[in-house]
There are 2 protein chains.
Amino acid sequence: MPGEFGLIAKYFARPTPSAVLGPGDDCALLQPSPGCQLAVTTDMLVAGVHFLPDTDPGRLGWKTLAVNLSDLAAMGARARWVTLAGALPTVDEAWLAKFADGLFACAREFGVDVVGGDTTRGPLNLCLTAIGEVEPGRALRRDGARPGDEIWVSGRPGLAALGLAHLQGRVSLPEPWPRLCVAALEKPRPRLALGQALVGVASAAIDISDGLLGDLGHLCRRSGVGAALRLVQLPQLRDLAGSGDSYDADLRRLALECQLAGGDDYELLFTVPAAQHTRLGAIAAELELPLWCIGEIVAGEPTVTVFDPDGQAVEFARKGYDHFGQ
Amino acid sequence: MPGEFGLIAKYFARPTPSAVLGPGDDCALLQPSPGCQLAVTTDMLVAGVHFLPDTDPGRLGWKTLAVNLSDLAAMGARARWVTLAGALPTVDEAWLAKFADGLFACAREFGVDVVGGDTTRGPLNLCLTAIGEVEPGRALRRDGARPGDEIWVSGRPGLAALGLAHLQGRVSLPEPWPRLCVAALEKPRPRLALGQALVGVASAAIDISDGLLGDLGHLCRRSGVGAALRLVQLPQLRDLAGSGDSYDADLRRLALECQLAGGDDYELLFTVPAAQHTRLGAIAAELELPLWCIGEIVAGEPTVTVFDPDGQAVEFARKGYDHFGQ
């Protein structure tokens, strides 16, 4: 059985063409693009908290990187480099090989190099730090939303939470939703191209990792504004709950809850001055990614008010996922 | 009890004058110095593996950052920014406050800003990523040692391992060694000033986190050279073991084992072309840090040969700490 250093070399030391010096020294050496700012983010994923301990290691490898890149996407940054630290309870080479395959598949797909890392024994824990680049003053921050801005979201938030409910046997989804929802949960695609397309267009952005309402709340607090969210403008999941005699009201309620408060989506939520409205159609078409205008920013307290299809304000108790607070 | 986001803000979101944007957004934004390369390193510390679970949280906070900065020191980089991710089994605010105090004391002392992070519930695990800067082509790498270069080490490697043996009751140290050894273990000082002073002087460098022999072996393998290590040139710990009637042979043996194979020292081990020999005295004087020439690089297989005071090659079985390999 190889030692720690052998394990690192065997599974994680792959060519790093974008680095001056990759794994194997005290530090990686990287040459930033002239004039660019760095966008840096770190995420820690813990077995039993962020993923089921028996999660397929290949999918876990993909997701570990994807959720990190999603934070770069939310800043409008280009993804460049990542470091990976991992604690493993045992040396399971088959597990490591699959995890590395998933991780590097995601790295290839989104053009980043894994330039350094650390492995140790311990309860399963994965920590990635991603570094991206963005032109000075151009990053999409959370604090730029202004009253009158439109609120937009990409893709179909809620699918990941529905996928989790499906895997846990808490819901029976009609075809083809199980596959779509589980894919959203296990193989999220960081919206890097969208984030970069929104530079100069969006006034603020955040990725939806804690749930749409919760993350919109974060954005409102940082911007010092309120938000009006219109349920009728959300991406419709009507066919999910059937219609007519087969209409499943419980499933419709669950789907709505997942849309508003389900975590793990990694779609982008962003605000756009009304004058930019027409740009969004072109971006959606070019990226082949649906984009939805779901409400507007309002002046006042940094709260999110949800309006039902009749225009009535409604209450939602569960506003997002908080590892310590709920 | 505050939620996750409140905890982050309360204990870890402090002013970050060196960042364009600090904690609270999807990413931190950093402006690198024009033309510089980045040195990036990540370390994961696990309770029960890297530190005793009941370690004083203030000292743990210091050390968590210090060991990361030590990797920057070993590259000759200037420390700039760090991100911190942590898994905590419970929300213990007194623990968090002390941990943050220790972490930020180290950050102030060495001039870095904590620009971002992540907290989650889970078995106690701390992961830091540090980013430093160095002029292009000037970093101290592990692969530059050449036959004929002298091998040098800073400070007194072995004290940290002796401190651990003392805390574990495995050894009885005479005064004032308990205090010195425990300080080396619990409050290591990353040799950042030394690393920067060695830029343009040293041909290769590594920090001693895995033990002197083990880390010298890493350096040799990366450089494709061998090493001759002369015990008589090591910093003497003779007074530790007493003399004459009070000479403690067991303690002398333990001290030597700790010097050669004890981990957690965070001193710098580096190689220097013989022509630079005289520069080292001035650097040692200016930094008020003892520097020791302990051997020389030789051509041939990347192995470390240890010579006893009589010039005889001797064997050491335990060559360093490997989380999975021993």
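These numbers come from a predicted model, not from an experiment.

Regarding the interface of chain A and chain B
Part 1 of the reasoning: Contact with chain A, which involves 70 residues of that partner, is made by 70 residues of chain B.
Part 2 of the reasoning: The junction of chain A with chain B conceals about 5,600 Å² of combined surface from both sides, 61% of it contributed by carbon and sulfur atoms.
Part 3 of the reasoning: Here chain A is connected to chain B by four salt bridges.
Part 4 of the reasoning: In this structure, the salt-bridge partner of Arg142(A) is Asp26(B), at a minimum N-O distance of 3.1 Å.
Part 5 of the reasoning: At the surface where chain A touches chain B, the tally comes to 25 residue pairs in polar contact (both at pLDDT 80 or more).
Part 6 of the reasoning: Looking at the side of chain A that touches chain B element by element, the count peaks at nine residues for strand S2 (residues 37-46) of chain A.
Part 7 of the reasoning: Looking at the side of chain A that touches chain B, its residues break down into 37 nonpolar, 19 polar and 14 charged.
Part 8 of the reasoning: The pairing of S2(A) with strand S1 (residues 28-30) of chain B spans three bridges and is antiparallel. Within S1(B), the position partnered with Leu38(A) by the bridge is Leu30(B).

Things to note about the UniProt feature "binding site: ATP" (unreviewed entry) in chain A
Part 1 of the reasoning: The sites that carry the UniProt feature "binding site: ATP" (unreviewed entry) are, in the present numbering, Gly117(A), Asp118(A), Arg142(A) and Ser209(A). Spatially, the listed residues are scattered: they cover 93 residues, and their C-alpha atoms lie as much as 31.3 Å apart.
Part 2 of the reasoning: Setting aside chain neighbours within four positions, we find Gly117(A) in contact with Leu84(A) and Thr42(B).
Part 3 of the reasoning: Relative to the elements of secondary structure, Arg142(A) occurs in the loop between strand S5 (125-134) and strand S6 (150-154).
Part 4 of the reasoning: Given the relative accessible area of 13%, Arg142(A) is considered buried.
Part 5 of the reasoning: When sequence neighbours within four positions are dropped, the list of residues in contact with Arg142(A) reads Ala204(A), Ala205(A), Ile206(A), His218(A), Leu219(A), Arg222(A), Ser223(A), Gly24(B), Asp25(B) and Asp26(B).
Part 6 of the reasoning: Within the structure, the side chain of Arg142(A) is placed 3.2 Å from the backbone oxygen of Gly24(B), a separation counted as a polar contact.

Observations regarding the relation of the copies chain A and chain B
Part 1 of the reasoning: Least-squares fitting of chain A to chain B yields an RMSD of 0.0 Å, with the transformation described by 0.0 Å of translation along the axis and a rotation of 180 degrees. Expressed as an axis order, the relation between the two copies is that of a two-fold axis.
Part 2 of the reasoning: Looking at chain A, 100% of its interface residues are interface residues in chain B too, so the copies touch through the same face.

A closer look at the UniProt feature "binding site: Mg(2+) 5" (unreviewed entry) in chain A
Part 1 of the reasoning: Under the UniProt annotation, "binding site: Mg(2+) 5" (unreviewed entry) lies at Asp210(A).
Part 2 of the reasoning: Among the residues examined, Asp210(A) registers a relative accessible area of 14% and is labelled buried.

As for the domain arrangement of chain A
All names here are of chain A.
Part 1 of the reasoning: Under the domain assignment, chain A is made up of domain 1 (7-134) and domain 2 (150-314).
Part 2 of the reasoning: Summed over both sides, the interface of domain 1 with domain 2 buries roughly 1,700 Å², with 63% coming from carbon and sulfur.
Part 3 of the reasoning: Counting across the domain 1 and domain 2 interface gives three salt bridges.
Part 4 of the reasoning: With a closest N to O distance of 3.1 Å, Glu186 and Arg59 form a salt bridge.
Part 5 of the reasoning: Counting across the interface, domain 1 meets domain 2 through seven residue pairs in polar contact (both at pLDDT 80 or more).
Part 6 of the reasoning: Counting only elements with at least two residues in the side of domain 1 that touches domain 2, the list comes to helix H2 (57-74), strand S3 (78-88) and helix H3 (93-110).
Part 7 of the reasoning: Per-element tally for the side of domain 1 that touches domain 2: the top contributor is H2, with 11 residues.
Part 8 of the reasoning: Looking at side-chain class alone, the side of domain 1 that touches domain 2 contains 10 nonpolar, two polar and five charged residues.

Scoring rules and cut-offs
- Residues numbered from 1 in each chain as written.
- Chains lettered and ligands numbered in written order.
- Predicted model: local features only at pLDDT ≥ 70, side-chain atom pairs only at ≥ 80, totals over all residues.
- Heavy atoms only, no water.
- Contact = heavy atoms within 4.5 Å.
- Buried area = accessible area lost by both parts, 1.4 Å probe.
- Salt bridge = Lys/Arg side-chain N within 4 Å of Asp/Glu carboxyl O.
- Polar contact = N/O pair within 3.5 Å; in protein donor to acceptor, adjacent residues only side chain to side chain.
- Helix = DSSP H or I, 4+ residues; strand = E, 2+ residues; numbered from the N terminus.
- Nonpolar A, V, L, I, M, F, W, Y, C, P; charged D, E, K, R; others polar.
- Pairing = 2+ DSSP bridges.
- UniProt positions renumbered as here; feature names shortened; annotations may be inferred.
- Buried < 20%, exposed > 50% of the residue type's maximum accessible area, 1.4 Å probe, protein only.
- Least-squares fit on C-alpha atoms with pLDDT ≥ 70 in both.
- Domains from an automatic or database assignment.

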